[in-house]
Amino acid sequence: MDVTIEYHHIDRFIRCLLSHYDVIAPLAKEDRFIFDRIEDPAAVSPQYDTTLLPPVKWIYPNNEVLLEFDLRDITKAEVIAQGRPQALTFVHPCDINAINLMDEVLAEEPSDANYLTRRRSTVIIGYECLGPCKENHLCFDKGYHIAYKGFDLFFTDIGGRYYVHVATEAGREIVEEDGSFKKAAYDDWVDLMKARAERKKGFKKVIRGDLEMLSHHLKEAYHNEIWDIEGKKCLSCGACVIVCPTCYCFDVSDEICPDMEKGVRTRRWDGCQLRGFCKVASGENFRKDAAERVRHRVFKKEVYLKKRFGRSGCVGCGRCIDYCIAKISIIDIFNHVMDRVRENV
Amino acid sequence: MFNFLPMPATVIDVRQLTDKERLFTIRLDHGRSLRHRPCQFVLISLFGIGEAPISISSPPVDSGKTFELCIRSMGNLTNAMHKLSVNDKIGIRGPYGNGFPIEKIGGKDILIVAGGLGLAPLRSLIKHVLQERGRYKRVILLIGAKKPGDLLFREEVSEWERDPAIETHITVDAADPSWTRHVGVITGLFRHISIDPLKTIAAIVGPPVMYRFVIREILAKGVFEGNIYLDLERRMRCGIGKCGHCQINGIYLCQNGPVLSYLEARKLQEAL
């Protein structure tokens, strides 16, 4: 079932969402956009480029409480796996694809109860970007500029109104409860097709060569000089992995309440680019050079995840490039590897 | 579905092994049993301090009642662990990892190479092999330690030395005047043994630097790559193949390891 909603009804629609869900929406903050919980529909800015942190972090939050414990009695520890009903709204296809991959990774047995609980209580409202948001993006190369699943509703701006694809039962309920939606007519569909045809023209490829072969070429380039070159630039700050929508490495730590009786065990985001990530108690560091760590990040996305889940772990959102203060670009790395292959052929 | 809740357990016994290592005997509460395999590990949990992965040092057969953990005081959790005494409570998650493929090695000669703290996980295999001695042919045990005082499980090692069912060779890097066994690095012990490469299964655990030298010796004796097993230890944090700390190339050691054959490990550039 497809419906449409006029621009000026969006406020009412969000107000309706607010009555059932914590609404997480893109909003402007200083010179960037972020996803944040909103109370006021007017704060939402559906037109945004890429948010600083990806929306998946609302399903996989930092400092998430895993357990509550009592220091006096070990048997009183309790699992905390909560999911408040939340709606992630105006989510771009790249970020939806990232959530799809995270679902698969974290549902793989032994599955992650905390993520899955939160994921089950989350509805996702997709929003079609009508062109590339920035230059640094490789979503088009990867085919991740289109999301085929992973949303309950999917909005496309078709001028004056949004075309809304209703994908799930939860989506249907939202649409039916809110009276702002009209059944999509033929003209709406024609406008959708036009918007999509126009959209396609905006994207261009940034990777030279056949991306299908990238994983294979990378494996050949395991000892390539590119890792040392990029490793020398890398400051090991971990920004790239914190902003990545498919990074899920974490560390577990305990915090004790000031009463010295109760405490919580929390999970916080960790990153394979940080110096101590692979350090063990003996002092041995199994990935001590930045070059090895940069290589690991690229391989994890493009080789290891691809092997396990059949598709690349890089959705092409470009955040790791935008936020790298050392100007390391995964596009440049891919192109370097692709060019090197062509030189050798 | 997995959650991070540890099973409550009780410290039954604490034994000082060296100046740095203690052996803890643990019993899970509520009559639960661990049911582990040799070379698997558990995550020990002390609320308020955190978790740490520790190899299980006792053989599977005892697992129904109690199990043993040999712990060196190194970090926050292990230091706190050393302050515990009998009847104190700890949390246990696990067992994790694939463990040693004991089903596949019946009827073979077993060569066990333990460097330093590597004897802690391998003791579970050694004791298992000795308990089911009839299933295996020759059992050869090579043990290395930095100095005599660092040698773990000293009484048991002496028993193994006297036991005709097992050929034990022990060396230390630096001896003191009372030391009567071998001196030198562990690879030196290969001079003293002869093995039948066609039916030998090797198990190696030791400090990271040790592996490639020991593997070289074993390969030189003609043992197949697929018959050399390594137990690779990393910073296992979650045990469920998610947190990323124990990842070497494409695999998570806490799930696909820690025991890998050299045939598998050789393909992983980060393994050795």
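As the structure is a prediction and not an experimental result, all values here were calculated from the model.

Basis of the calculations
Residues numbered from 1 in each chain as written. Chains lettered and ligands numbered in written order. Predicted model: local features only at pLDDT ≥ 70, side-chain atom pairs only at ≥ 80, totals over all residues. Heavy atoms only, no water. Helix = DSSP H or I, 4+ residues; strand = E, 2+ residues; numbered from the N terminus. Rg over C-alpha atoms; globule rule 2.2 N^0.38 Å. Buried < 20%, exposed > 50% of the residue type's maximum accessible area, 1.4 Å probe, protein only. Contact = heavy atoms within 4.5 Å. Buried area = accessible area lost by both parts, 1.4 Å probe. Salt bridge = Lys/Arg side-chain N within 4 Å of Asp/Glu carboxyl O. Polar contact = N/O pair within 3.5 Å; in protein donor to acceptor, adjacent residues only side chain to side chain. Pairing = 2+ DSSP bridges. Expected span 1.5 Å × (residues − 1). Arc of directions from axis to C-beta. Core = buried A, V, L, I, M, F, W, Y, C linked by side-chain atoms within 4.5 Å. Domains from an automatic or database assignment. Axes fitted to C-alpha atoms, helices over the stretch in contact; angles between N-to-C directions.

1. Notes on the overall build of chain A
On a plain count of helices and strands, chain A comes out with twelve helices and twelve strands. Taking 20 Å as the expected radius of gyration for a compact globule of 345 residues, we find that chain A reaches 22 Å, a close match to that expectation. If one aligns the C-alpha atoms of chain A with their principal axes, the spans along those axes are about 65 × 65 × 40 Å. For chain A, with 345 residues in total, the buried portion stands at 57%. For chain A, the proportion of contacts with a sequence separation of at least 24, taken over those separated by at least 6, is 75%.

2. Some remarks on the interface of chain B and chain A
The interface of chain B with chain A comprises 38 residues on the first partner and 43 residues on the second. Both sides of the chain B and chain A interface together cover about 3600 Å² of buried area, and 61% of this is carbon and sulfur. Ranking the residues of chain B by area buried against chain A places Phe4, Phe47 and Lys242 of chain B at the top, with a combined share of 22%. Taking the shortest distance from any N to any O, the salt bridge between Asp251 of chain A and Arg237 of chain B comes out at 2.7 Å. Remark: the boundary between chain B and chain A carries 25 residue pairs in polar contact (both at pLDDT 80 or more). Taken together, the elements giving at least two residues each to the side of chain B that touches chain A come down to β3 (41-46), β4 (50-55), β6 (89-96) and β13 (247-248) of chain B.

3. Section: the sheet that holds strand β5 (residues 78-79) of chain A
Strands sit in the order β5-β4-β12-β11 (chain A) across an open sheet of four strands; the sheet is antiparallel. What marks the edges here is a single partner per strand, and that holds for β5 and β11 (250-256) of chain A.

4. Some thoughts on helix α6 (residues 186-202) of chain A
Residues and elements named next belong to chain A. Across its 17 residues, α6 extends 25 Å between first and last C-alpha, which sits within 8% of the 24 Å expected from 1.5 Å per residue. Residues of α6 that are buried include every one of Asp188, Leu192, Ala195 and Arg199, and no others. Taken down its axis, α6 places every buried residue within 65 degrees of arc, on the same side. Exposed side chains of α6 directed beyond 90 degrees from the buried face belong to Tyr186, Asp187, Lys194, Glu198, Lys200 and Lys201. Where the residues of α6 are buried, they touch β1 (2-6), α2 (93-107), β8 (153-157), β9 (161-166) and β10 (181-183).

5. Topic: the nonpolar core
Side chains of nonpolar character tend, in soluble globular proteins, to be buried together. The biggest cluster of nonpolar side chains holds 134 residues, and the ones touching the most others in it are Phe13 and Phe155 of chain A together with Phe100, Leu111, Val113, Ile204 and Ile218 of chain B. Ignoring any residue separated from it by four or fewer positions in sequence, one finds Phe155 of chain A in contact with Ile5, Ile10, Phe13, Ile125, Gly126, Tyr127, Glu128, Tyr162, Tyr163, Val164 and Phe181 of chain A. Residues Trp227, Cys247, Val298 and Cys314 of chain A belong to the second largest nonpolar core, which totals 39 residues.

6. A few points about the domain arrangement of chain A
Residue and element names in this part refer to chain A. According to the domain assignment, chain A consists of domain 1 (2-202) and domain 2 (211-344). A C-alpha centroid distance of 25 Å is found between domain 1 and domain 2. Counting residues at the interface gives 43 residues for domain 1, matched by 43 residues for domain 2. For the pair domain 1 and domain 2, the two sides together bury roughly 3900 Å², of which 58% comes from carbon and sulfur. On inspection of domain 1 and its partner domain 2, the count reaches eight salt bridges.

7. Things to note about the sheet that holds strand β8 (residues 139-145) of chain B
Residue and element names in this part refer to chain B. The strand order across the open sheet built from seven strands is β10-β9-β8-β7-β11-β12-β15, with neighbouring strands paired in mixed fashion. Looking at which strands have only one partner, the edges of the open sheet turn out to be β10 (182-183) and β15 (259-261). Taken together, the three bridges between strand β11 (residues 200-205) and strand β12 (residues 228-231) define a ladder with parallel strand orientation. In the strand pairing of β12, Ala203 is matched with Tyr229. On top of the sheet, helix α3 (residues 154-162) reaches β8 and β9 (167-172); it is set at about 135 degrees to β9, its chief contact. Across the sheet, helix α4 (residues 208-220) is in contact with β7 (109-115), β11 and β12; its angle to β11 comes to roughly 165 degrees.

8. Let's talk about the domain arrangement of chain B
Residue and element names in this part refer to chain B. We note that the domain assignment places domain 1 (7-96) and domain 2 (102-231) within chain B. For domain 1 versus domain 2, the separation of C-alpha centres amounts to 24 Å. Listed per partner, the contact involves 20 residues of domain 1 and 21 residues of domain 2. Here domain 1 meets domain 2 over a buried area of about 1600 Å², counting both sides, of which 55% is carbon and sulfur. For Arg37, the salt bridge is made with Glu103, and the minimal N-O distance between the two is 2.6 Å. Between domain 1 and domain 2 we count seven residue pairs in polar contact (both at pLDDT 80 or more) in total. Contributions of two or more residues to the side of domain 1 that touches domain 2 are made by β2 (21-28) and β5 (67-72).

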